[in-house]
Protein chains: 2
Amino acid sequence: MHFNIIDVAKKAGVSIATVSRVINGSEKVKSETREKILAVIEELKYVPNPAARGLIMRKTEAIGLLLPDLHGEFFSEVIRGADEAVQAQGYHLIVSSSHNDSKEIEAALRFMRGRVDAIIVMSPQVDSEILLANLPKSVPVVLLNCRTSNPHYDTIMTDGFGGAKEMTNYLLDLGHKRIAVLTGGENNIESQERLRGYRNAFAERDLTPNRSLEFRGSFTEVSGYEATREILLLKDRPTAIFAFNDSMAIGAIKAIREEGLKIPTDISVCGFDDIPVAKFLSPSLTSVCVPIHDLGVMAVNRVFDRLTKRTKGASAHMFVSTTLSIRNSCKRINIMSNLEKEENVA
Amino acid sequence: MHFNIIDVAKKAGVSIATVSRVINGSEKVKSETREKILAVIEELKYVPNPAARGLIMRKTEAIGLLLPDLHGEFFSEVIRGADEAVQAQGYHLIVSSSHNDSKEIEAALRFMRGRVDAIIVMSPQVDSEILLANLPKSVPVVLLNCRTSNPHYDTIMTDGFGGAKEMTNYLLDLGHKRIAVLTGGENNIESQERLRGYRNAFAERDLTPNRSLEFRGSFTEVSGYEATREILLLKDRPTAIFAFNDSMAIGAIKAIREEGLKIPTDISVCGFDDIPVAKFLSPSLTSVCVPIHDLGVMAVNRVFDRLTKRTKGASAHMFVSTTLSIRNSCKRINIMSNLEKEENVA
DNA sequence: CCAATCAATGTAAACCTTTACATTTTCTTA
DNA sequence: TAAGAAAATGTAAAGGTTTACATTGATTGG
């Protein structure tokens, strides 16, 4: 059984108010009294109940973080960044996963009611309506890569369009024409944006990307692996595979290796996100670098801005740009030598 | 502003008790009344405050999970397993990281007071005393890979000793004699156990492992990378590197590649944990397979056992055994051909 | 030596629920 | 139709805190 503040007060022969005062360091308490109380606290190993305190203070010192999933390095990094930023303020993190399911989102958001001072939601799949309907009105909310344009909330979006476009341009510049893409889910905003970027890069060169080279994955290693096996069966094999995240790229690499092909000699592969392990793969993976860790930090910092300065100001909409991390998994295609080869064959 | 149960009661023209009854589905309320209340709840978008409910019910429907770190696939998998098991019971997870710092452990444990129904702690580094002093007495606790032999708590331990021994035997059987190891921190129980297993495998063959081949890492890619660079400088280079976790193995692979060496042709590498990405590396990484995800599940299940059956029974001490995941990063050394080579040189 | 001031401490309301017990309303049945 | 039972609803305490306000005791100035 745990003791409460009343037990401490009784044992120390004072009122609970005085105990509360020494716990919170505030007010002036006769040092004699203070020490006596401290001694009792130590003896009873009394720990204040933060839930009760949160109730009356309307301050929990916790931030809620709702992610689609807890699986893999991407989310792991977001969590780490958020946790870092939160700990720096003496706060704590309450993490939940939604699996892109509106019921789970609702459950998680309910759970957080009264338990957190602010909420960060990352939900690239579940659409506006459902999400917004469940968002609490009483605490600050930051939307991370959510498919909503509601200007009422603070939002942070990574530039999937720009990143994918840049990567596609890079591949096109290397001479690749047949570039297969591995997309995430149909209605995943991140996947959609990346697809848009990919297509746009082609369009700007008056090229039409081949729709039959757009393969549907689900941001998992396995889905990348399977889609790539299909791709490798194609008679006119693409010269490059652009996976819309690194996990799928990792799956793709495995499938390619199993087929006895060499990367990037036989086929180029690149990913998106630039998760920490990307640079350690072999060949090291060329990827679109998203500052994943910083995404978490930024979201938390935004939350604290709201929390401290009672900034009633208009909501902020941040756009996080990406950079290319060029490594060794993509190769220039020598068109001339290709032509020559064909000529030789002819 | 959020509404509370009193607002709902007023608006519906009933008492808060009745509102509470319809919220909790219990008791019999005239269906007419029930519907009216439900309508008001809907209208006001009322969500009960679980913190307040937790206070009086002494049940929060949350489980605390305290990990050394939130970084990387290993912890990510533990979290995922725990989250899965917890969600299956309609519970939620409160995750915190301690960074192996006793102050942070204390802070996290304080935070959890009154906020969780049970706590799972993984703390391979901070020692018994400090940990035990801060553990709550009022809720079930499960210790995951902690350096304590206190029989009072439920514990789950992975068999680091057995796993490392098995892997070392595997390497010895392949003909390796000079096997370098990359350890975790000095006072990390997991690292200690693995080191013990490694040494024991040698001892059982009446061999003495070369202490100068025990390199100190910290379970991170970078530390594995750096230690390996040192190793590669050795005049009498080891034929195999056994990293005590996969992250360090990944770092080792990078260092080896940078040196222009081939795995496993020039040097064998293996890891520990068998994180999901291990099988996707190239060469795919031979590793000691720890059922990471299941560790989380087991811990949670143990917690629910305590929570449901008020099992006052003696605490359980589970020992999780490992298996070898043999892949392509380790090669048999042909001792004969080595000898021949030397002879040729001579 | 008394009133005024100030420091130290105590009392009780508030935060938002749930629920045992009390009360009111409705329904049965003689 | 009245009494008694059953059903529906209400009242208030409890859970563990914080804090505005009240009270006590000591100190100071006249």
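Residues numbered from 1 in each chain as written. Chains lettered and ligands numbered in written order. Predicted model: local features only at pLDDT ≥ 70, side-chain atom pairs only at ≥ 80, totals over all residues.

Colleague: Let's hear about the overall build of chain A: which residues, and what values?
Modeller: Within chain A one finds 13 helices and 12 strands. For 346 residues, the compact-globule estimate of 2.2 N^0.38 gives 20 Å, and the C-alpha radius of gyration of chain A, at 27 Å, exceeds that figure by more than 25%. Looking at chain A as a whole, 48% of its 346 residues qualify as buried. Across chain A, contacts joining residues at least 24 apart in sequence account for 70% of those joining residues at least 6 apart. (Helix = DSSP H or I, 4+ residues; strand = E, 2+ residues; numbered from the N terminus. Rg over C-alpha atoms; globule rule 2.2 N^0.38 Å. Buried ≥ 20, exposed ≤ 12 C-beta atoms within 10 Å, placed from the backbone. Contact = placed C-beta atoms within 7 Å.)

Colleague: A description of the protein's contact with DNA strand C should follow, citing residues and the corresponding values.
Modeller: Contacts to DNA strand C come from 27 residues, most closely from A:Ala17, A:Lys28, B:Ile5, B:Ser20 and B:Ala52. Counting residues per element, the ones that place at least two in the surface near DNA strand C are helix H2 (16-23) and helix H4 (50-57) of chain A together with helix H1 (5-12), helix H2 (16-23) and helix H4 (50-57) of chain B. The biggest single contributor to the surface near DNA strand C is H2(B), with 5 residues. (Near = placed C-beta within 6 Å.)

Colleague: Please give an account of the sheet that holds strand S2 (residues 92-97) of chain B that cites residues and values.
Modeller: Residues and elements named next belong to chain B. The strand order across the open sheet formed by 6 strands is S2-S1-S3-S4-S5-S11, and the pairing between neighbours is parallel. Bordering the open sheet on either side are S2 and strand S11 (317-320), each of which pairs with just one other strand. Strand-to-strand twist across the sheet, computed as the mean angle between neighbouring axes with direction ignored, equals 15°. The sheet contact formed by strand S5 (residues 154-158) and S11 spans 4 bridges and is parallel. Residue pairing for S11: Ile156 is matched across the bridge by Met318. (Pairing = 2+ DSSP bridges. Axes fitted to C-alpha atoms, helices over the stretch in contact; angles between N-to-C directions.)

Colleague: Can you break down the protein's contact with DNA strand D residue by residue, with the values?
Modeller: Residues in close proximity to DNA strand D total 29 residues, the closest being A:Ile5, A:Ser20, A:Asn49, B:Ala17 and B:Lys28. Secondary-structure elements contributing two or more residues to the surface near DNA strand D are helix H1 (5-12), H2 and H4 of chain A together with H2 and H4 of chain B. Split by residue class, the surface near DNA strand D holds 17 nonpolar, 7 polar and 5 charged. (Nonpolar A, V, L, I, M, F, W, Y, C, P; charged D, E, K, R; others polar.)

Colleague: Go over the packing of helix H10 (residues 221-233) of chain B against helix H11 (residues 246-258) of chain B, please, and point to the residues and values.
Modeller: Residue and element names in this part refer to chain B. Where H10 meets H11, the axes come as close as 7 Å, and the angle between the chain directions of the two elements is 45°. One element, H10, and the other, H11, form an angle in the oblique class. H10 and H11 meet at a crossing whose hand is right-handed. Contacts from Glu221, Val222, Ser223, Gly224, Tyr225, Thr228, Arg229 and Leu232 in H10 reach Ser247, Met248, Ala249, Ile250, Gly251, Ala252, Lys254, Ala255 and Ile256 in H11. Partitioning the contact of H10 with H11 into residue classes produces 9 nonpolar, 5 polar and 3 charged. (Parallel < 35°, antiparallel > 145°, perpendicular 65-115°, else oblique. Left-handed = near helix turned anticlockwise from the far one by under 90°.)

Colleague: How would you sum up H4(B)? Please name residues and give values.
Modeller: Of all the residues in H4(B), the buried ones are B:Pro50, B:Ala51 and B:Gly54. Along H4(B), the residues classed as buried sweep out an arc of 105° about the axis, all on the same side. The secondary structure elements touched by the buried residues of H4(B) are H4 and helix H6 (102-112) of chain A. After H4(B) finishes, the residue B:Arg58 shows a positive phi value of roughly 55°. (Arc of directions from axis to C-beta.)

Colleague: Describe the pairing of strand S8 (residues 240-243) of chain A, listing the residues and the values that go with them.
Modeller: Residue and element names in this part refer to chain A. Neither face of S8 is left uncovered, since the one carrying Ala240 and Phe242 and the one carrying Ile241 and Ala243 both have all their residues buried. In this structure, strand S6 (residues 179-183) lies alongside S8, joined through 4 bridges in parallel fashion. Each residue of the ladder has a partner; that of Ile179, found in S8, is Ala240. By the bridge criterion, 3 bridges tie S8 to strand S9 (residues 268-273) in an arrangement that is parallel.

Colleague: Any chance you could break down the relation of the copies chain B and chain A for me, citing the residues and the numbers?
Modeller: Superposing chain B onto chain A takes a rotation of 180° combined with a translation of 0.0 Å along the rotation axis, leaving an RMSD of 0.1 Å. Considering both components of the superposition, the chain copies are consistent with a two-fold axis. Nearest to the rotation axis, the C-alpha of B:Ile94 is located 2.5 Å from it, this being the minimum over chain B. (Least-squares fit on C-alpha atoms with pLDDT ≥ 70 in both.)

Colleague: Any details on the pairing of S5(B)? Residues and values, ideally.
Modeller: All names here are of chain B. Within S5, 5 of the 5 residues are buried, leaving the element largely enclosed by the surrounding structure. Where strand S4 (residues 141-144) lies against S5, 3 bridges are found, and the strand directions are parallel. If you follow Val142 over to S5, its bridge partner there is Asp154.

Colleague: Give a description of the interface of chain B and chain A that names residues and reports values.
Modeller: Interface size is often expressed as the accessible area that is lost when the parts come together. If you look at the interface, chain B gives 40 residues, while chain A gives 40 residues. Elements represented by at least two residues in the side of chain B that touches chain A include exactly H4, helix H5 (73-87), S2, helix H6 (102-112) and H11 of chain B. Top element by residues in the side of chain B that touches chain A is S2(B). It accounts for 6 residues. For the side of chain B that touches chain A, the residue count by class is 17 nonpolar, 13 polar and 10 charged.

Colleague: Can you tell me about the nonpolar core, naming the residues and giving the values?
Modeller: Judged by nonpolar contacts, the single largest core of 170 residues is most densely connected at A:Ile63, A:Ile120, A:Ala252, B:Ile63 and B:Ala252. Once residues within four sequence positions are removed from consideration, A:Ala252 is found in contact with A:Leu182, A:Gly224, A:Tyr225, A:Thr228, A:Ile241, A:Ala243 and A:Val269. (Core = buried A, V, L, I, M, F, W, Y, C linked by C-beta atoms within 7 Å.)

Colleague: Explain unusual backbone geometry residue by residue, including any values.
Modeller: Of the consecutive residues A:Ile263 and A:Pro264, the connecting peptide bond is found in the cis state with omega at 5°. With respect to the helices and strands, A:Pro264 occurs in the loop between helix H11 (246-258) and S9.

Colleague: Can you break down the environment of A:Tyr91 residue by residue, with the values?
Modeller: Residue and element names in this part refer to chain A. In this fold, Tyr91 is placed in the loop between helix H5 (73-87) and strand S2 (92-97). Separated by 31 residues in the primary sequence, Tyr91 and Thr60 have C-alpha atoms spaced 8.5 Å apart. When neighbours within four sequence positions are excluded, Tyr91 is seen to be in contact with Glu61, Ala62, Ile63 and Val86.

Colleague: Could you give me a rundown of the sheet that holds strand S12 (residues 323-325) of chain A, with the residues and numbers involved?
Modeller: All names here are of chain A. Spatial strand order, S7-S6-S8-S9-S10-S12: 6 strands in an open sheet with mixed pairing. The open sheet has two edge strands, strand S7 (214-216) and S12, and neither has a second partner. Across the sheet, the mean angle from the axis of one strand to that of its neighbour is 20°, orientation sign disregarded.

Colleague: Could you give an account of the confidence of the model for chain A, with specific residues and numbers?
Modeller: Put simply, chain A has an average pLDDT of 91, and 95% of its residues get 70 or more. In the model, residues 337-346 of chain A has pLDDT below 50 throughout and makes 1 contact with residues more than four positions away in sequence or in other chains. (pLDDT = per-residue confidence, 0-100.)

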